[in-house]
Amino acid sequence: MTVVTSGEDLAKKIAEAIPGSVISSDKTSVMVDAAKLAQVAEFLKNTPGLDFNYLNFATAVDYIDYFELVYRLLSMEHNHSLVLKTRCYDRENPTVPSIVSLWRGAYFQEREMFDMFGIKFEGHPDLRRLLTWEGFKGYPLRRDYL
Amino acid sequence: MEIVRPEVNTPQEADAVEGASINQLIAESTSAIPDPDRWIDEVLDRNVFLTTADTIVAWGRQRSIFPMLFATACCGMEVISMSVSRFDLSRFGMDVVRFSPRQADVMIIAGTITWKMALATRMIYDQMAEPKWVVAMGACAISGGTFRESYSVTPGVNRIMPVDVYIPGCPPKPEAVIFGITRLHAKIIKGTMDNPMLSKH
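Residues numbered from 1 in each chain as written. Chains lettered and ligands numbered in written order. Predicted model: local features only at pLDDT ≥ 70, side-chain atom pairs only at ≥ 80, totals over all residues.

### Observations concerning the packing of helix H1 (residues 11-28) of chain B against helix H4 (residues 115-127) of chain B
How two helices sit against one another is set out by the angle between their axes and by the gap between those axes. Residues and elements named next belong to chain B. As a reminder of what qualifies: Under this scheme, a helix contributes an axis fitted over its contacting stretch, all axes are lines through C-alpha atoms, and angles between N-to-C directions fall in the 0 to 180 degree range. Elements are defined by DSSP. Helices are runs of H or I of four residues or more, strands are runs of E of two residues or more, and each kind is numbered from the N terminus. In what follows, roughly perpendicular refers to angles from 65 to 115 degrees, roughly parallel to angles under 35, roughly antiparallel to angles over 145, and oblique to any angle outside these ranges. Residue pairs qualify as contacts under a 7 Å threshold applied to their C-beta atoms, which are placed from the backbone. Residue classes follow a fixed rule: Ala, Val, Leu, Ile, Met, Phe, Trp, Tyr, Cys and Pro count as nonpolar, while Asp, Glu, Lys and Arg count as charged, and any other residue, Gly among them, counts as polar.
Where H1 contacts H4, the axes come no closer than 9 Å and their chain directions differ by 85 degrees. When the axis of H1 is compared with that of H4, the two are roughly perpendicular. Along its contact with H1, which presents Ser21, Ile22, Leu25 and Ile26, the element H4 presents Trp115, Lys116, Ala118 and Leu119. In terms of residue class, the contact of H1 with H4 is made up of six nonpolar, one polar and one charged.

Here you go:
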């Protein structure tokens with residue numbers, strides 16, 4: 001059975017490796033600074049003992065004041081999982097580092113997030129609309145759409 | 001609708017071309033296309049000499065319709081259930097389900113049609129050979145259903161093509177679809193020669 005990693009324990013490890021990256025943590029998730037997301041993701045993927053080598057899903061939530069991005073990571077090797085979160089406070093031009101170079105599975109998920117929320121992913125190889133069409137006005141899953 | 005195939009070299013260009021044609025389709029599809037219902041109260045007086053031949057042709061057509069399944073949502077399950085042994089669509093000569101529009105006579109639109117899909121739907125409709133009929137099945141195909149006010153769903157498939165028979169339900173039971181098919185039969189047997197679509201050929 002997949003073991004849910006304690007977010008509090010993992011937050012300590014992340015904070016040791018990348019100082020100032022962890023904002024908060026609880027039993028199941030770790031909240032990190034959006035600017036250091038790429039570093040944290042690389043740390044989680046490539047550190048022996050953690051080896052989060054599989055991305056279950058990546059999604060975003062609009063809380064009006066900020067966008068919260070949720071990544072669920074899984075380690076095939078150790079069979080444990082983690083919820084990694086980050087927040088993006090800029091509503092006009094939200095920008096977050098892309099993690100496609102680490103997990104290829106994020107390719108379409110980030111395109112969908114761009115399509116639905118207008119979040120731009122820096123370093124994404126081909127950021128285009130996915131579900132709606134080119135020329136579509138607005139971002140439909142934002143709370144202030146319509 | 002003319003099918004335009006512009007030169008595209010990159011996915012970005014293809015996206016831009018597709019987006020432009022979808023926006024054009026939305027701009028053009030502001031009101032419903034009237035249903036082809038001249039047949040309903042059509043007096044046969046004018047065609048009195050043609051009725052015998054007409055009836056035979058229509059009878060033949062009515063008994064061997066090749067449906068084209070266009071299942072985009074849950075209504076597709078009901079169409080599948082209707083076409084297999086329990087409800088048995090073969091009784092109406094419709095057991096040859098075609099997945100090529102060129103071999104099909106009736107297009108059963110079973111499910112929600114989004115604007116992005118509308119382009120493909122319209123293209124498939126244009127590819128079907130005359131005479132052709134369209135059955136809009138379920139609330140989404142009829143009016144957009146729950147998604148009518150949505151940003152991406154067509155408010156009724158009759159915005160993009162003329163519809164002959166509407167089958168309400170969410171989804172309609174197989175019995176309801178069979179009733180709709182019998183209504184379509186009634187429509188086919190009434191109008192061939194006075195069909196405006198046919199007279200030009």
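### Side note on unusual backbone geometry
So the rule is basically this: Whether a residue is buried, exposed or partly exposed follows from its count of other C-beta atoms within 10 Å of its own C-beta, namely 20 or more, 12 or fewer, or something in between, respectively; the C-beta atoms are built from the backbone.
The linkage connecting Cys170 of chain B with the following residue, Pro171 of chain B, adopts the cis geometry, with an omega of -10 degrees. Among the secondary structure elements, Pro171 of chain B is positioned in the loop between strand S4 (165-167) and helix H6 (174-190). A positive phi angle is found at Ile64 of chain A, which is not glycine, with a value near 65 degrees. One can find Ile64 of chain A in the loop between strand S4 (54-62) and strand S5 (67-75). Despite not being glycine, Asn79 of chain A has its phi angle at roughly 60 degrees, a positive value. Note on placement: Asn79 of chain A falls in the loop between S5 and strand S6 (80-88). The class for Asn79 of chain A is exposed, based on 10 C-beta atoms found within 10 Å.

### Side note on the confidence of the model for chain B
When pLDDT is low, close inspection of the predicted coordinates is not appropriate. Residue and element names in this part refer to chain B. This is how it is decided: A residue's pLDDT is the confidence the predictor assigns to it, expressed on a 0 to 100 scale.
Averaged over all residues, the pLDDT of chain B equals 81, while 84% of them reach at least 70. Within the model, the stretch residues 195-201 combines pLDDT values under 50 with eight contacts to residues more than four positions away or in other chains. The complex model carries a pTM of 0.79, and its ipTM stands at 0.74.

### Concerning the pairing of S4 of chain A
The following threshold applies: At least two bridges found by DSSP between two strands are what make those strands a pair.
Relative to S5 of chain A, S4 of chain A runs antiparallel, the two being bridged by eight bridges. Across the sheet, Phe57 of chain A pairs through a bridge with Arg72 of chain A, a residue of S5 of chain A.

### Concerning the nonpolar core
What counts here: Buried Ala, Val, Leu, Ile, Met, Phe, Trp, Tyr and Cys residues form a nonpolar core when they are connected through C-beta atoms within 7 Å.
Counting residues in hydrophobic clusters, the biggest one holds 42 residues, and the most contacted among them are Met107, Ile108, Ile109, Val135, Ala136 and Met137 of chain B. Of all the secondary-structure elements, those providing two or more residues to this core are strand S1 (67-71), helix H3 (75-83), strand S2 (106-110), H4, strand S3 (133-137), helix H5 (138-143), S4 and H6 of chain B. If we skip the residues at most four places from it in the chain, Ala136 of chain B touches Ile109, Ala141, Ile142, Val157, Asn158, Val163 and Tyr166 of chain B. Leu73, Leu82, Leu84 and Phe114 of chain A belong to the second largest nonpolar core, which has 32 residues in total.

### Notes on the sheet that holds S1 of chain B
Residues and elements named next belong to chain B. Across the sheet, four strands lie side by side as S1-S2-S3-S4; this open sheet has parallel pairing. With one partner strand each, in any of the chains shown, S1 and S4 form the two edges of the open sheet. Shown here is a sheet whose adjacent strand axes are inclined to one another by a mean of 20 degrees, direction ignored. The pairing of S1 with S2 spans five bridges and is classified as parallel. Looking at the pairing, Met68 lines up with Met107 of S2.

### Thoughts on H3 of chain B
Residue and element names in this part refer to chain B. Spelled out, the test is: To be clear, the arc concerns the directions from the helix axis to the C-beta atoms.
Of the positions making up H3, those classed as buried are Cys75, Glu78, Val79, Met82 and Ser83. All buried residues of H3 fall inside an arc of 130 degrees around its axis, so they share one side. For H3, the secondary structure elements touched by its buried residues are S1, S2, S3, H5 and H6.

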